[in-house]
Amino acid sequence: MLATLPATPQSPAAPAGGRPSETEAAPHVPIPGFWDPRRRTERVDLTRVPQIRFLTEDDYPPFNYAGADGQPTGFNIDLARAICEELKVPCTVQVRRFDTLTDSLDRNAGDAIIASLAITPDVRRRYEVSDRYLELPARFVMRRDTQLSEATPEALAGRSIAVVEGTAHEAYASAFFRRSAIRRYPSIEAARKALSERNIDVMFADGVASAFWINGEASAGCCRLLGGPFTESRYFGEGLSIVMRRGNEPLRRAINHALQRLWERGVYAELYLKAFPVDIY
């Protein structure tokens, strides 16, 4: 699927910040910020960036998915649209299967991947990578009537922790919560069911999915987040960045410039709150 990206409306500037901080517009939803307010990006030569062909996939809401009209939408798509508007260059977005994205980039079928591709040492070795624009935290979840206030190895000693087997969450819990009983489940649905039915004390899982589940109808209001976010890069990755072919320094500089400006002008905060109206941090 190929779609031309229209312009995105601008929003009032939001307060600057480093780590997630709260805004007046959404006092209960922390807005992440990964840019230094003192940093001044260098002027970019846009004559070497005549257009941007973004590659994405459409099966990972709220990041990228097919809208009611069949067109790609979501946080990544909105961010791509805002980058193009900031740089004032024409852009397109091409939807591919997730497992074909890097091959498509290698074949010059697109210029940049914006699809929540995990940034690993191998990806950094093979490709140009933009500044980070989001972290994907892991979070603990507990039932609302559970008497816990911290998510530390000491606080959870002797407690049972549900994880999905074969995930980074299983590996992390096994490594650092050794005094807890790690209960492994074949799927996130099975882990959530065990939590809801009081078969385990807490669950450790993806923070984004957990926040949406807690605030959605499926959870029936059973649960809430416990403690803060876990963002250890060795287990949960470096966060989300835009990926480009090696040697495309003009495009990398242009995208980094656009990301910084979108954050400074509050556009990033507007797009974030649209995609994440619940607290994932």
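Residues numbered from 1 in each chain as written. Predicted model: local features only at pLDDT ≥ 70, side-chain atom pairs only at ≥ 80, totals over all residues. Heavy atoms only, no water.

Asks: Any details on the sheet that holds strand S13 (residues 223-230)? Residues and values, ideally.
Replies: Sheets are built from strands paired through backbone hydrogen bonds, the pairs being either parallel or antiparallel. Pairing in this open sheet of 5 strands is mixed, and the strands run S11-S10-S12-S9-S13 from one edge to the other. Two strands lie at the open edges of the sheet, namely strand S11 (181-185) and S13, each paired on one side alone. Between one strand axis and the next, the sheet turns by 30° as a mean value, whatever way the strands run. Relative to S13, strand S9 (residues 138-143) runs antiparallel, the two being bridged by 5 bridges. The residue bridging valine 141 from the neighbouring strand is leucine 225, located in S13. Each of S9, strand S10 (160-164), S11, strand S12 (202-206) and S13 touches helix H5 (residues 188-196); the most contacted strand, S12, lies at about 150° to it. Here helix H6 (residues 207-214) sits on the sheet in contact with S9, S12 and S13, set at roughly 120° to S12. (Pairing = 2+ DSSP bridges. Helix = DSSP H or I, 4+ residues; strand = E, 2+ residues; numbered from the N terminus. Axes fitted to C-alpha atoms, helices over the stretch in contact; angles between N-to-C directions. Contact = heavy atoms within 4.5 Å.)

Asks: Please give an account of the packing of aromatic side chains that cites residues and values.
Replies: Counting across every chain of the model gives 25 aromatic pairs. Note on phenylalanine 34 and tryptophan 35: the rings are 6.0 Å apart at their centroids and 70° apart in plane angle, and the pair reads as edge-to-face. Residues tryptophan 35 and tyrosine 268 carry aromatic rings whose centres are separated by 5.2 Å and whose planes lie at 75° to one another, so their mutual orientation is edge-to-face. A residue pair is termed long-range when its members are at least 10 positions apart, and tryptophan 35 in the loop between strand S1 (2-4) and strand S2 (52-56) and tyrosine 268 in helix H9 (residues 267-275) qualify at 233 residues. For tyrosine 268, a relative accessible area of 1% gives the class buried. (Phe/Tyr/Trp six-rings, centres within 6.5 Å; stacked < 30°, edge-to-face > 60°. Buried < 20%, exposed > 50% of the residue type's maximum accessible area, 1.4 Å probe, protein only.)

Asks: So, the confidence of the model for the chain: which residues are in play, and what are the values?
Replies: Counting all residues, the mean pLDDT for the chain is 89, and 89% of those residues have values of 70 or more. The model gives residues 1-26 a pLDDT under 50, and that stretch makes 67 contacts with residues more than four places away or in other chains. (pLDDT = per-residue confidence, 0-100.)

Asks: Please give an account of the state of the cysteines that cites residues and values.
Replies: Overall, the coordinates contain 2 disulfides when judged by the stated rule. Between the sulfur atoms of cysteine 84 and its disulfide mate cysteine 91 the distance is 1.8 Å. An S-S torsion of about -105° defines the bridge between cysteine 84 and cysteine 91 as left-handed. Note on cysteine 91: relative accessible area 5%, which makes it buried. By sequence-ordered numbering of the bonded cysteines, the chain has its disulfides arranged as 1-2, 3-4. (Disulfide = S-S within 2.5 Å.)

Asks: Help me get a handle on empty space enclosed by the protein, residues and values and all.
Replies: A complete count under the given rule lists 2 cavities of 30 Å³ or more for this structure. When its volume is computed, the second largest cavity comes out at roughly 40 Å³. Contributing to the lining of the second largest cavity are Glu135, Leu136, Thr231, Phe236, Gly237, Glu238 and Gly239. Residue classes in the lining of the second largest cavity are distributed as 2 nonpolar, 3 polar and 2 charged. (1 Å grid on protein atoms, 1.4 Å probe; cavity = no way out; pocket = protein on both sides within 12 Å on 5 of 7 lines; lining within 4 Å. Points joined across faces, edges and corners; volume = space filled by probe spheres on them. Nonpolar A, V, L, I, M, F, W, Y, C, P; charged D, E, K, R; others polar.)

Asks: Explain the pattern of salt bridges residue by residue, including any values.
Replies: The full count for this structure, using the stated rule, is 23 salt bridges. Arginine 252 is the partner of glutamate 128 in a salt bridge, and the nearest nitrogen-oxygen pair spans 3.7 Å. Of this pair, glutamate 128 sits in strand S8 (residues 127-129) while arginine 252 sits in helix H8 (residues 249-264), and the two are 124 residues apart along the sequence. You can call glutamate 128 buried: its relative accessible area is 11%. On the basis of relative accessible area, arginine 252 is assigned to the partly exposed category, the value being 21%. As a salt-bridge pair, glutamate 170 and arginine 184 come within 2.5 Å of each other at their nearest N and O atoms. Of this pair, glutamate 170 sits in helix H4 (residues 168-176) while arginine 184 sits in strand S11, and the two are 14 residues apart along the sequence. Sharing partners across several salt bridges, the network here consists of Glu86, Arg261, Glu264 and Arg265. (Salt bridge = Lys/Arg side-chain N within 4 Å of Asp/Glu carboxyl O.)

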